[in-house]
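Listed below are the residues making up each chain.
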Amino acid sequence: MIYTLLVVGTSTRMLVIADAGCLIHLHRAGILSLLVDVFGRVTITPTVAREFNLPLPEGFTVLAPTRPLLQHHHLDAGESSAIALALEYPGSLLIIDEQDGREYAHALHIEVMGTLSVLALAKERGLLAHIAPLIAEMRVRGMWLSDALIRQVLRQAGEPTD
């Protein structure tokens, strides 16, 4: 599991970069600060900040990429800017949920993680007791998640899948 490789405080990563989708879903569930609890510091682009359009808790940094990424026809501006920033900081982790964005980032050799993996990592580190209620809350509040993905993440987190 990718998320078991990250260790707060000893990571050699340049940046942990989040796309707006992750911010929106964690905010709707009332746990946006969990990103900072897990990673220590989280970076977003100005474009992502505009898409999120809400105050950010302590621990977030806004940083613009110096070179724009050529617009990929399946990505929005926030996803493109987050990928562009990750390209400028090799070894960074990109938190992105959108499938086309994940595939494009993988093709560019950027390590990616989704919001559900952030929850699983938080549970692994003792920051959350259970993730199933949070996943259910995110789903109710508009996050599209397949049943198969939910079962996979819950199994990896050692939670019941029924």
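Our subject is the structure listed above.
These lines cover the structure that appears in this document, whether it is placed above or below. (Residues numbered from 1 in each chain as written. Predicted model: local features only at pLDDT ≥ 70, side-chain atom pairs only at ≥ 80, totals over all residues. Heavy atoms only, no water.)

A few words now on the overall build of the protein. Broken down by element type, the protein carries 8 helices and 5 strands. Going through the 162 residues of the protein one by one, you find that 46% of them count as buried. Of the contacts made within the protein by residues no fewer than 6 positions apart, 56% connect residues no fewer than 24 positions apart. Surface accessibility of the protein: about 8300 Å² in total, with carbon and sulfur atoms responsible for 56%. (Helix = DSSP H or I, 4+ residues; strand = E, 2+ residues; numbered from the N terminus. Buried < 20%, exposed > 50% of the residue type's maximum accessible area, 1.4 Å probe, protein only. Contact = heavy atoms within 4.5 Å. Areas by Shrake-Rupley, 256 points an atom, 1.4 Å probe, with all protein chains shown as cover.)

This brings us to the packing of helix α7 (residues 132–140) against helix α8 (residues 147–156). Viewed as axis vectors pointing N to C, α7 and α8 meet at an angle of 160°, and their least axial separation amounts to 11 Å. Relative to α8, the element α7 lies roughly antiparallel. The element α7 and its partner α8 pack so that their crossing is right-handed. Mapping the contact onto sequence places Ala132, Ile135 and Arg139 in α7 and Asp147, Ile150, Val153 and Leu154 in α8. Looking at the contact of α7 with α8 residue by residue, the class counts come to 5 nonpolar, no polar and 2 charged. (Axes fitted to C-alpha atoms, helices over the stretch in contact; angles between N-to-C directions. Parallel < 35°, antiparallel > 145°, perpendicular 65-115°, else oblique. Left-handed = near helix turned anticlockwise from the far one by under 90°. Nonpolar A, V, L, I, M, F, W, Y, C, P; charged D, E, K, R; others polar.)

Within the fold, Glu79 resides in helix α4 (residues 77–88). In this structure, Glu79 is buried with no salt-bridge partner, the nearest side chain bearing the opposite charge being Arg102 at 10 Å. Contacts of Glu79, omitting those with residues within four sequence positions, involve Asp19, His74, Ile96 and Glu98. (Lys, Arg positive; Asp, Glu negative; His and termini not counted. Salt bridge = Lys/Arg side-chain N within 4 Å of Asp/Glu carboxyl O.)

Turning our attention to the packing of helix α6 (residues 115–124) against α7. Direction vectors running N to C along α6 and α7 enclose 155°, while the axes themselves pass 10 Å from each other. In terms of axis orientation, α6 runs roughly antiparallel to α7. The handedness of the crossing between α6 and α7 comes out as right-handed. Of the residues in α7, those touching α6 at Thr115, Leu116 and Leu119 are Leu134, Ile135 and Met138. Taken together, the residues that form the contact of α6 with α7 break down as 5 nonpolar, 1 polar and no charged.

Attention shifts here to the nonpolar core. Leu23, Leu35, Phe39, Leu119, Ile131 and Ile135 are the most contacted members of the largest nonpolar core, which has 39 residues in total. Considering each element in turn, this core owes the most residues, 6 residues, to α6. What Leu23 contacts, discounting residues up to four positions off in sequence, is Ala18, Leu32, Leu35, Ile44, Val48, Phe52, Leu56 and Phe60. By size, the runner-up hydrophobic cluster in this structure holds 13 residues, among which are Leu75, Ile83, Tyr104 and Ala105. (Core = buried A, V, L, I, M, F, W, Y, C linked by side-chain atoms within 4.5 Å.)

Residue placement: Leu34 occurs in helix α2 (residues 34–39). A C-alpha to C-alpha distance of 8.4 Å links Leu34 and Leu119, two positions 85 residues apart in sequence. Once you skip the residues sitting within four places of it in the chain, Leu34 turns out to touch Leu119, Ala122, Leu127 and Leu128.

What follows covers helix α5 (residues 99–107). Buried within α5 are the following residues: Gly101, Tyr104 and Ala105. End-on view of α5: buried residues confined to an arc of 100°, all on one side of the axis. Taken together, the buried residues of α5 touch α4, β4 (93–95) and β5 (111–113). Backbone geometry just downstream of α5 places His109 in the positive-phi region, at approximately 65°. (Arc of directions from axis to C-beta.)

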